[in-house]
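Listed below, chain by chain, are the residues.
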Amino acid sequence: LRIMGVLQRIGVAYVIGALITLRGTWRQHLVTLVAILLGYWALMTLVTVPDQGRPGWQLLDKPDAVLSAWLDRQILTTNHLWASAKTWDPEGLLSSLPAVGSMMIGQLAGRWIGSPRALAERLNGMFAVGALLLMIGLMWHWVFPINKSLWTSSYVVFAGGMALVTLATCMWIIDVRGWKRWTTFFVIYGTNPMIAFLGSGLMARLTVTLLKVPTADGPESVQWVVYQAIFAPILEPRVASLGYAVTFVGFWFVILWALWRRNIFLKV
């Protein structure tokens, strides 16, 4: 049984992030955010990993050798880590620390968006800070690579900057220019994210690993059979893979659209 996971990571990050940001000023929150990201950087690069005998900066290209992986094995044990690796977990304990930083960037952005300032001022601020974070993240990448599996500090900063610029762009298109028709697809997905996440994850598990179809070469996954029967014969491999993925997303859009029409939403 895997103890950590995507939803668990979200829960941990939101609980800790909320406790930090419920009190204090935005300046105090910013200082805390910087301290978290710098602290994680120091832990992952300067501390000698016990079972490797080498500092972390020499091991960043080996996800099972870094300090966060060692800590997960000591506390969670290999029986409770990500099944695809067994020796490390991309949503492990120590890497949840910078994930709190991601949550705090979102909290600061939300506070800025909800401020009484003029829309133009809010958008300018988001574009400016987003561009600055993108630059800092890319520069930090030189010594602490942008890596989602390790949730590196450079990844937090870069992804936060990208999110700010993307969100500001959407706000400019929708709220300033008034172009809204194209958003329906995303609104339908966004109003039922839990069903989309859990349902598509369950479907993927069923079609890839659990359900098998008899073939001339033996049992094969439903995903493999569908891909080989529909997409592979008519499309080049990369395009066929993309076609399968787009079809998967479209299938769940139809389900979510039906729920949206009936005002059925799963909320936590």
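As a reminder, the structure under discussion sits directly above these lines.
These figures come from a predicted structure and were not determined experimentally.

Asker: Mind showing me how you'd approach the overall build of the protein here?
Answerer: Within the protein, the secondary structure is distributed over ten helices and four strands. C-alpha atoms of the protein, sized along the principal axes, occupy 60 × 60 × 35 Å. Every one of the 268 residues in the protein was classed for burial, and the buried ones make up 31%. Of the roughly 15,900 Å² that the protein leaves accessible, carbon and sulfur atoms contribute 69%.

Asker: Would you mind showing me how to read the packing of aromatic side chains here?
Answerer: Describing an aromatic ring pair means giving the distance of the ring centres and the angle of the ring planes. Evaluated as defined, the whole model comprises eleven aromatic pairs. Ring geometry for F231 versus Y244: centroids 5.9 Å apart, planes at 75 degrees, classification edge-to-face. Of this pair, F231 sits in helix α9 (residues 222–231) while Y244 sits in helix α10 (residues 237–261), and the two are 13 residues apart along the sequence. The side chain of R9 reaches across the aromatic face of W151, ending 5.2 Å from its centre.

Asker: Looking at this structure, I do not really get the nonpolar core. What am I missing?
Answerer: Side chains that are nonpolar tend, in soluble globular proteins, to be buried together. Judged by nonpolar contacts, the single largest core of 34 residues is most densely connected at L37, M44, V66, M104 and F144. Of all the secondary-structure elements, those providing two or more residues to this core are α2 (26–46), α3 (67–75), α4 (96–113), α5 (119–140) and α6 (153–176). In contact with M104, other than residues within four places in its own chain, are I20, T21, H29, T32, L33 and I36. With five residues, the next largest nonpolar core counts F231, A240, Y244 and F248 among its residues.

Asker: For this particular structure, what's the right way to read the pattern of salt bridges?
Answerer: It is possible for side chains of opposite charge to pair when their charged atoms get near one another. Evaluated as defined, the whole model comprises five salt bridges. The partner of D89 in a salt bridge is R2, and the shortest N-O contact between them spans 2.6 Å. Residue D89 is located in the loop between α3 and α4, and its partner R2 is located in the segment before α1 (6–21); the two are separated by 87 residues in the primary sequence. Here D89 falls in the buried class, since its relative accessible area comes to 4%.

Asker: Please explain the environment of F158 as it appears in this structure.
Answerer: When you line up the elements, F158 lands in helix α6. Take F158: its relative accessible area is 22%, and that puts it in the partly exposed class. Considered as a pair, F158 and A240 are 82 residues apart in the sequence and their alpha carbons are 31 Å apart. Aside from chain neighbours lying at most four places away, what touches F158 is L133, L134, G137, L138 and I146.

Asker: Help me out: how do you make sense of unusual backbone geometry in this one?
Answerer: Trans peptide bonds make up most of the peptide bonds, and negative phi angles are found at most residues other than glycine. We note that K86 has phi near 75 degrees; this positive angle belongs to a residue other than glycine. By the secondary structure assignment, K86 is in the loop between α3 and α4. Take K86: its relative accessible area is 42%, and that puts it in the partly exposed class. At N263, a residue that is not glycine, the phi angle is positive and equals roughly 55 degrees. Relative to the helices and strands, N263 is located in the segment after α10.

Asker: Before we go on, may I ask you to explain the packing of α9 against α10 in this structure?
Answerer: Each pair of packed helices gets described by two things: the angle between the helix axes and the distance between those axes. The geometry of α9 relative to α10 is characterised by a closest axis approach of 10 Å and an angle of 115 degrees between their N-to-C directions. In this structure, the crossing between α9 and α10 has a hand that is right-handed. For the pair α9 and α10, contact is made by Q223, V226, Y227 and F231 and by P237, A240, S241, G243, Y244 and T247, respectively.

Asker: Got a minute to help me understand the packing of helix α7 (residues 184–191) against α10 in this structure?
Answerer: At a minimum axis distance of 9 Å, the contact between α7 and α10 shows a crossing angle of 75 degrees. The orientation of α7 with respect to α10, classified from their angle, is roughly perpendicular. Each of F185, I188, Y189 and T191 in α7 lies in contact with α10, whose residues at this interface are V249, W252, F253, L256, W257 and W260.

Asker: Is there a simple way to explain the side chain of R122 in this structure?
Answerer: Examined against the element boundaries, R122 turns out to sit in helix α5. In contact with R122, other than residues within four places in its own chain, are W112, I113, S115 and R117.

Asker: Got a minute to help me understand α2 in this structure?
Answerer: For α2, with 21 residues, the first-to-last C-alpha span of 29 Å sits near the 30 Å given by 1.5 Å per residue. Restricting attention to buried positions, one finds in α2 the residues H29, L33, I36, L37, Y40, M44 and T45. Mapping the buried residues of α2 onto a view down its axis gives an arc of 140 degrees, with all of them on the same face. Residues of α2 that are exposed and point more than 90 degrees away from the buried face comprise R27, V31 and L46.

Rules used throughout
- Residues numbered from 1 in each chain as written.
- Predicted model: local features only at pLDDT ≥ 70, side-chain atom pairs only at ≥ 80, totals over all residues.
- Heavy atoms only, no water.
- Helix = DSSP H or I, 4+ residues; strand = E, 2+ residues; numbered from the N terminus.
- Buried < 20%, exposed > 50% of the residue type's maximum accessible area, 1.4 Å probe, protein only.
- Areas by Shrake-Rupley, 256 points an atom, 1.4 Å probe, with all protein chains shown as cover.
- Phe/Tyr/Trp six-rings, centres within 6.5 Å; stacked < 30°, edge-to-face > 60°.
- Lys NZ or Arg CZ within 6 Å of the ring centre and 35° of its normal.
- Core = buried A, V, L, I, M, F, W, Y, C linked by side-chain atoms within 4.5 Å.
- Contact = heavy atoms within 4.5 Å.
- Salt bridge = Lys/Arg side-chain N within 4 Å of Asp/Glu carboxyl O.
- Axes fitted to C-alpha atoms, helices over the stretch in contact; angles between N-to-C directions.
- Left-handed = near helix turned anticlockwise from the far one by under 90°.
- Parallel < 35°, antiparallel > 145°, perpendicular 65-115°, else oblique.
- Expected span 1.5 Å × (residues − 1).
- Arc of directions from axis to C-beta.

Honestly, that's just the spatial picture; any functional story needs more than this.
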